[in-house]
Amino acid sequence: MATRQLPLYYAVASLLLGGAAQAIDFNRDVRPILSDKCFFCHGFDEHERKADLRLDTAEGAAEVLAAQAGKQSEFLYRIVTDDEDDLMPPADSHKQLNKGEINILKQWLAEGAVYEEPWAYVSPEKSSIPAVADTKWPINWVDHHVLARLEVEALKPSPDADLVTLVRRLHFDLTGLPPEPARIDAFVAQVEASGMDRAVEKLADELLASPHFGERMAIYWLDLVRFADTVGYHGDQVQPISPYRDYVIDSFNTNIPFNQFTLEQLAGDLLPKPTLQQKVASGYNRLLQTSHEEGIQAKEYNAIYAADRVRNVSAVWMGATVGCAQCHDHKYDPYSIVDHYSMAAFFADIHDEGFSGDFNPTSRPPEMKLPDGRSTMITVAKSPREMRVLPRGDWLDESGEVVHPAVPAFLPQIAKDDIRATRLDLASWLCDADDGVGGLTARVMANRFWYLFFGTGISRSLSDFGGQGEAPANGPLLDALAVEFTDSGWDVKALVRLLVTSRSYRQSSLASPEMMERDPHNQLIDRQSRYRLPAELVRDTVLKTSGLLVQDVGGSSVRPYQPEGYYRHLNFPKRGYQSDVGDAQWRRGLYVHWQRQFLHPMLKSMDAPSREECTAERPRSNTPTAALTLLNDPTFLEAARAFAVRVVSEGGKTDGERLDFACREALGRLPDETEKAILRQLFSKTKAGFSGDPQGARDFLSVGQSAPASGSDTIELAAWASVARSLFNLGETITRN
């Protein structure tokens, strides 16, 4: 990747974040406006380009940016004129510059109209650790970058979170499971004995060593690579792929370097003497949606599958939208249609054929049988198919040029002379910080790790680092993290540890009105973020608190309770749904069967994706459907009953002791007097109601497969289950704070 001097982010205040109007930064302030309002007609795509004018390059824009003797520049005239025929953007583009955008462009012109290369495609450089006024606050160099940015904005970081909140945050972020009260007490004791810094480091090390760390990280990775248990198209039949999920979990737990993780997935079958696990890893190439309809046109679907693979590999590793060049040159980024099909040619040795038709489960050869009896899809290279450019993406049009595997032309090239490049070359290029785009890959992944532990990316664009994306709020910090990642040998756990042991990480998530006005998306990290847990972790939290959770790591997908008839429109073939019995019913959400067309209702109600495409960021909604799911899904009703049994058997003899126990287990803390009064009232009212309806109490307690408690007072147990149900529905229970 090319190298240039980085812009001085710390010398400017962000107009978009509410700071005073100071020096303009092109990539942060100007490029997004040009990309949105100008590049479609004056950008990379020569077929759409008007007036032979390019504004996406410094050379192309120079003529209209320069002021003529005694006259304003053509660019300035065009954006401020009252002449509707000359005004840009034109009315028929349905785009219009607002007053704020015009002021930014005017200021940019007044400051000399400095034009910079796209920030994402410049090699990251680790700048010196910035000086800060408050030298006592930072713990590590990450904090120096965060605090320096805050001081530019005349903001201060938030106080540290309370100890219960912090220990719950660490557990949710690193294992996806809430801590037991004993773990909270141990952390508090450790803080008192050795201080906060050492206590956080010790807990972080313990959690990073937990087998559940790999499960937590796998949830996010499986979203990126669109892992699912079914094929997606047409009949959406079940496919054999669960061992790939185990590979991902094991990889995070054993901390294999991210570059090796990349090689094994993209080209595990091409490695010398590939191991069993490397062959399993190559199943990544098989995760796309496929159709098993017997009447499909093979040529058409080869084109569909090729485009799918390009979209995913470019999104996951490059934060790029190369898939947008499937039908024409990219409108906003320098990706040509030739680049798209040249990248697709890397995967031309994967032949998607031999599928078994409308059978469920289906067969998707090549497959491999594992020692544990499971089968899994793998990649086995065959003679590459011819790949040619498809004008307008039309699979019937064979007039396009034949292309061979190659990376986008404007990026560093793979040196292979006359030898055909392979997926192994592509994987190496993606993680080569010197001669490939390893710096870009590291920046993309560092931004996503920041999102996982701070709730938002340093750049909010987690999947698009191109012209339609958003520049980072703290460029030097993102670059420093990217360089740290590559210099460490792509050590994932080291990067995660660096983030969660920072002072920035342990801030309170309480936001003042000023913070919300100045920094609504928490781009400056003047606080921590609070948000509902991902869908899988909501399930895990409730099951763990109830005592039902089975914490075995790895294995086949499981089928929890599901509404009857939910699959009634799932055809080819028609099928029903049989929920699992025994321990499989209470496994972690990570292992829930992922039916693309009919995602499990609990997961769907809490914003889990169908995984048809790469998902770098899930939406976070707050809907009545989610609340009703928590109240009425049989899994949560059964968990409420199981928790009620724990409250009665482990919580003490009095109602007060039991309420304390229930809140400590569910929330990690004791209830205050107001909360205790509300819960007492709920307990009394529901107990009275069930006393008048004993059959209703029995029906309520009969939901689920777990054995009801013997010898318990049915009425009292049903009342405590109602209390448990309410605790499970609290925002505090299911919120990462």
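Since the model is a prediction, treat every value here as computed from it, not as a measurement. (Residues numbered from 1 in each chain as written. Predicted model: local features only at pLDDT ≥ 70, side-chain atom pairs only at ≥ 80, totals over all residues. Heavy atoms only, no water.)

(A) Just the overall build of the protein, in detail. Across its full length, the protein carries 28 helices and six strands. At 28 Å, the protein has a C-alpha radius of gyration in line with the 27 Å of a compact globule built from 737 residues. By its C-alpha atoms, the protein is 90 × 65 × 50 Å across when sized along the principal axes. For the protein, the proportion of its 737 residues judged to be buried stands at 57%. Residue pairs at least 24 apart in sequence account for 70% of intrachain contacts in the protein once pairs closer than 6 positions are excluded. (Helix = DSSP H or I, 4+ residues; strand = E, 2+ residues; numbered from the N terminus. Rg over C-alpha atoms; globule rule 2.2 N^0.38 Å. Buried < 20%, exposed > 50% of the residue type's maximum accessible area, 1.4 Å probe, protein only. Contact = heavy atoms within 4.5 Å.)

(B) Up close: helix α6 (residues 141-152). Counted at 1.5 Å a residue, the expected span for α6 with its 12 residues is 16 Å, and the 17 Å between its end C-alpha atoms agrees. For α6, the tally of buried residues reaches nine of 12 residues, placing the bulk of the element in the interior. The set of residues buried in α6 consists of Trp-141, Val-142, Asp-143, His-145, Val-146, Leu-147, Ala-148, Arg-149 and Leu-150. Where α6 begins, the side chain of Asn-140 points an oxygen toward the backbone nitrogen of Val-142, at a separation of 3.1 Å. Note on α6: the residue one or two positions beyond its end, Ala-154, has a positive phi of about 60°. (Expected span 1.5 Å × (residues − 1). Polar contact = N/O pair within 3.5 Å; in protein donor to acceptor, adjacent residues only side chain to side chain.)

(C) Spatial organisation of empty space enclosed by the protein. With the rule as written, the count across this model stands at nine cavities of 30 Å³ or more. Elements that contribute at least two residues to the lining of the largest cavity include exactly α10 (211-224), α17 (438-454) and β5 (531-532). Considering each element in turn, the lining of the largest cavity owes the most residues, four residues, to α10. A class-by-class count of the residues in the lining of the largest cavity yields nine nonpolar, no polar and six charged. (1 Å grid on protein atoms, 1.4 Å probe; cavity = no way out; pocket = protein on both sides within 12 Å on 5 of 7 lines; lining within 4 Å. Points joined across faces, edges and corners; volume = space filled by probe spheres on them. Nonpolar A, V, L, I, M, F, W, Y, C, P; charged D, E, K, R; others polar.)

(D) Quick look at the side chain of Arg-443. By secondary structure assignment, the location of Arg-443 is in helix α17. Looking at Arg-443, its side chain comes within polar contact range of the main-chain oxygen of Trp-119, at 3.4 Å. Setting aside residues up to four positions removed in sequence, Arg-443 forms contacts with Trp-119, Ala-120, Tyr-121, Val-122, Ser-123, Pro-124, Phe-465, Leu-478, Asp-479 and Ala-482.

(E) Geometry of the packing of aromatic side chains. Applying the stated criterion to the full structure yields 33 aromatic pairs. Ring pairs connect the aromatic residues Trp-221, Phe-227, Tyr-244, Tyr-247, Phe-252, Phe-258, Phe-261, Tyr-284, Trp-317, Phe-449, Phe-485 and Trp-490, which therefore count as one cluster. Above the plane of the ring of Tyr-591 lies Arg-587, whose end atom (NZ or CZ) is 4.0 Å from the centre. The lysine or arginine in question, Arg-611, covers the ring of Trp-594, its NZ or CZ lying 3.7 Å from the ring centre. (Phe/Tyr/Trp six-rings, centres within 6.5 Å; stacked < 30°, edge-to-face > 60°. Lys NZ or Arg CZ within 6 Å of the ring centre and 35° of its normal.)

(F) Representation of the environment of Arg-183 in the model. Looking at where Arg-183 falls in the secondary structure, it is placed in helix α8 (residues 181-194). Taking the relative accessible area as the measure of exposure, Arg-183 reaches 30% and is therefore partly exposed. Put simply, Arg-183 and Leu-203 are 20 residues apart on the chain and 9.5 Å apart in space, counted from C-alpha to C-alpha. Once you skip the residues sitting within four places of it in the chain, Arg-183 turns out to touch His-171, Leu-203, Glu-206 and Leu-207.

(G) Inspection of the pattern of salt bridges at higher detail. Within this structure, the stated rule accounts for 52 salt bridges. With a closest N to O distance of 2.6 Å, Arg-374 and Asp-246 form a salt bridge. Here the residue Arg-374 occupies a position in the loop between β1 (367-369) and β2 (375-377), and Asp-246 occupies one in helix α11 (residues 242-254), the gap between them amounting to 128 residues. For Asp-246, a relative accessible area of 12% corresponds to the buried category. (Salt bridge = Lys/Arg side-chain N within 4 Å of Asp/Glu carboxyl O.)

(H) Inspection of the environment of Leu-481 at higher detail. Within the fold, Leu-481 resides in helix α18 (residues 475-487). On the basis of relative accessible area, Leu-481 is assigned to the buried category, the value being 1%. Those residues in contact with Leu-481 that lie beyond four places of it in its chain are Trp-141, Val-142, Ala-446, Trp-450, Ile-458, Leu-495, Leu-498 and Leu-499.

(I) Quick peek at unusual backbone geometry. A cis geometry characterises the amide bond from Met-88 onward to Pro-89, with omega recorded as -5°. Tracing the backbone shows Pro-89 in the loop between α4 (74-80) and α5 (99-110). A cis amide bond links Pro-365 to the next residue, Pro-366, at an omega of 5°. Structurally, Pro-366 is set in the loop between α15 (337-344) and β1. Phi angles above zero are rare outside glycine, and Asp-52 is one such case at about 55°. Along the polypeptide, Asp-52 turns up in the loop between α2 (39-42) and α3 (58-65). What makes Asp-52 exposed here is its relative accessible area of 70%. Phi is positive for Ala-113, close to 50°, though the residue is something other than glycine.

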